[in-house]
Every structure is written in structure tokens, then in C-alpha cells.
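Per-entry structural report
Listed below, chain by chain, are the residues.
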Amino acid sequence: MLPFVVPTLVAALGVLALWGPRGLLSGWLGINLQDTPWLLLYGNLFFNLCLVVRAGVDALSQVNARQVAAARSLGATPWRAFWRIEWPAIAPWLMSSLCLVFLYCFAGFGLALVLGGQRFATVEVEIYTLVAHELQLGQASVLALWMLGLTGGVALLYALLEKHLAAPSRVEPLARRPPQGLLQWLALMGALLVLFAICALPILAIVWRALAAGWTLWATLLDAEVAAALWNTLRFSSIALLLATLLGLLHALAAQRSVVWRAAAFLPFVMSPVTVAFGLLLLYPGWSASLPLLLAAYAVLAYPFVAKSMAAGLDSLPPHVLQAARTLGASPHRTFWRVTLPLLRPALRRGMAFAAATALGEFAVTLFLSRPEWATLTTLIYQRLGHPGAASLDQAFVLACLLMLLALLA
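Computed from a prediction, not measured in an experiment: that's the story for all the values here.

Nonpolar side chains collect at one region of the surface, where Val53, Val57, Trp185, Leu188, Met189, Leu192 and Leu195 lie side by side and expose about 570 Å² of accessible area between them. Where the nonpolar patch is concerned, the elements lending two or more residues are α4 (38–60) and α10 (182–212). Element by element, the count of residues in the nonpolar patch is highest for α10, at five residues. Structurally, Leu192 is set in helix α10.

Right, let's get into empty space enclosed by the protein. Following the criterion strictly, the structure yields three cavities of 30 Å³ or more and no others. Quantified by volume, the largest cavity comes out at close to 470 Å³. Lining the largest cavity are 26 residues, with Thr8, Phe47, Tyr104, Pro273 and Thr358 positioned closest to its centre. In terms of residue count, the dominant contributor to the lining of the largest cavity is helix α17 (residues 332–360) (three residues). Split by residue class, the lining of the largest cavity holds 18 nonpolar, seven polar and one charged.

Its location among the elements puts Ser96 in helix α6 (residues 78–106). When the C-alpha positions of Ser96 and Leu161 are compared, they lie 6.0 Å apart, and in sequence the two are 65 residues distant.

Residue position: Pro37 is located in the loop between α3 (24–29) and α4. For Pro37, a relative accessible area of 33% corresponds to the partly exposed category. With 255 residues separating them along the chain, Pro37 and Pro292 place their C-alpha atoms 38 Å apart.

A word on the pattern of salt bridges. Side-chain pairing between opposite charges can occur once the charged atoms of the two side chains come close. Under the definition given, this model contains two salt bridges. Of the charged contacts, one joins Arg209 and Asp394 as a salt bridge, the two residues approaching to 3.6 Å between their closest N and O atoms. Here Arg209, found in helix α10, pairs with Asp394, found in helix α20 (residues 390–409); they are 185 residues apart in sequence, far enough to count as distant. Under the relative-accessibility criterion, Arg209 is labelled buried at 5%. Residue Asp394 is classed as buried on the basis of its relative accessible area of 12%.

What counts, and at which threshold
Residues numbered from 1 in each chain as written. Predicted model: local features only at pLDDT ≥ 70, side-chain atom pairs only at ≥ 80, totals over all residues. Heavy atoms only, no water. Patch = residues over 30% accessible without salt bridge, like charges linked within 9 Å, V, L, I, M, F, W, Y side chains within 5 Å. Areas by Shrake-Rupley, 256 points an atom, 1.4 Å probe, with all protein chains shown as cover. Salt bridge = Lys/Arg side-chain N within 4 Å of Asp/Glu carboxyl O. Helix = DSSP H or I, 4+ residues; strand = E, 2+ residues; numbered from the N terminus. 1 Å grid on protein atoms, 1.4 Å probe; cavity = no way out; pocket = protein on both sides within 12 Å on 5 of 7 lines; lining within 4 Å. Points joined across faces, edges and corners; volume = space filled by probe spheres on them. Nonpolar A, V, L, I, M, F, W, Y, C, P; charged D, E, K, R; others polar. Buried < 20%, exposed > 50% of the residue type's maximum accessible area, 1.4 Å probe, protein only.

Here is the structure:
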């Protein structure tokens, strides 16, 4: 999941390290992808492919081995058993992940800003340009409303699928076994090669470019400017994580019986950080350069991960355990603290991990609402990308390595 939790700015740097003007593969193959849409497409593929892979792994664990064995004993070939038994069980999980991929690609900002440029600017980049550079708030509001309508519909579909998939089910999963025969080994190696080329190469390219920069640039990590940005990143992320955990837990409990409320939990991150920051500017113009508003924006963007994970955990709770606690005399409050919350701890940890990674790499909100003295590692990387010269670019790769390490630790 590292490609997904790395900040979008780091993902964009990884793509540039491979296919940019001085990229490893572009220079070796003699291919110039600058000013083409392929950089942005590859960046979105790198950022989102692991979501589909993870959904596929979860989906395959829901295939009932008894049904597959029955189909094979009745004469079905492996391919026929797959299409008639396995695929219907897998398809809803893949559809759910594809809804999420669409939302992330449609509402992405960092990748589109760095890799798309003005020629291939997305709606989010256009909203940012209208607000930050042209002060056309009316046009930006119209675009934001269209974005909200479309992403809200996809978020509602995603919430319906998630509620259906999170229902408790008893299946005997297929046993994992090593590949058998040359054809299966070749298929496995081909799949791993695709994953390596899309998900691993950009990360390795960042590390390689950072190591090739030399120790003099690594010494800049000790500069006061970098230390201040690191401190801002850590403290903003920590406070936002605490707020996001509280908000996510409360929202998941409130949305337990309502699909609409469950879909509303996803709106802050399907709207994109640019739209959230723009809405906060319109709603609280007097607070536009205040630290509480910046931290609130961080929390609003991070808490859907906690709410989503907790909602799935609540759906999968075994009801007989809660009923047993109540029949033994436990009050609802005691049942929650002694039974429900311990069972939800894995889901809570998972949601908090993704929320922490989101807060660490937040870029658009910081660009909108931050002051120069509140610069984080993401804004510092963006500043280095705007400076001319190879040294600034190399320093951006060094800072990206540091930010990627923090995301990996989270």
C-alpha cells in the first residue's frame, strides 16, 4: 500500500524521475513524454493500482471453496468454474474499488498540477487557478458544485457497495497453493513484473535520484528551514489525527443504519482538498490565515478514512456477542467500552494509519490556507520544484525521500 499512502507530490516526483526531462527511463529509451497526457495517466495508475490489488485479495478470500469444488466435481473446467462461481463473488469488490479509483483520479490535485500542467489541467487545477490567481470565485463555485454533484453520486454508489460487502458472511475460502506448471509460473511472473513496473519503479527512482544527489544536498536536511517544515508537518499531522479519530468514530456510530450518512462521510475526500479549502475560504473569510482553520481542514480530509474503516468494522461485528453482554446485565455504555471497542481496535488502527498518512502528505489545503511560517515538507518540495537549476530538483528528491519514509512509518 506504499504507493497509495505516499503523498501525491512524492508520487508525481517519482513519475518525473522515471519519465521526466532527465528521467531514468526516458533518457535510456530516448522517449520524451513531457507535455503529453501519459505522465498524468501513469501517475494515476501508480497511485491507485494497489487499491484494486488489495480489493482483489479481499475478494478472493470471499469465494466459497465448497461451491468451486462442487462445480469441478460436476464437470466444470477451471475457467468455467471461475466465470460462473468465482467471478460473481469477486465483481462487487472490484466495482467498489473502481468507484474509489474513479473518485481519486477525478478529484486529484497534486498529480494533475505537477504532471498535467496547464495544457492537461483538470477541473481541480482550474478551480485552484481561478481562486488563487484570477480571483474568479463565481466561476470556481460553479465548477465546484458540478464536481460535488458527480462525486456525490459515485460516493453514494460506493457506500451502497461497501455496506453490502461488509455484512458478516461465512465462507470457506479457497486454499492458497503455489503455481503448478510452466504456464502458471509465467503468468505469476508477468503479474509481478507489471506490479513492479507500475508501483515499485517510481519509488525506487526517487531513492536513486536522492542518493545520486550527493551528501552535500543530504546535509541540507539539517537546515533550519527544513527542520521547521518537518516540525510543522509532524505537529499538524498529530493534532489532525486526534481530531480525525474522534470525528470518524462519531460519524461511523451515527451512520450505522443510514446509507446516506455513510456516503456523506466520504464527501470530504471525494470533493478533493482544493474544493474543501475553497469552501472553507468562502465560509470563514475572517479565518483564512488562522491555524485552527488549517488544522480543521486537515482533520476534515483525514477523518473519512477512520469513518470508513469503523463503519466496516461495525457492520461485521457478531451481534450475538453484543446481545450476550446485554443479557448478562451490561449497560449500553459498558457494552461499548468492554466489548464493541476492543473488537473494533484493528479497524480503528487501520483507519488511523491511513488518516495519518493523508495528513502527512496534505498539499492542496496547505497551499490554500497556510502562511509562509507554516510551511510543511510538501510545500517545501513544491517550492524547490519551482526554483531553476538541477540542485533544487535534487533537493526536492531528498525531501521526498524523507516524506516517503514518514508515510511508510505511518
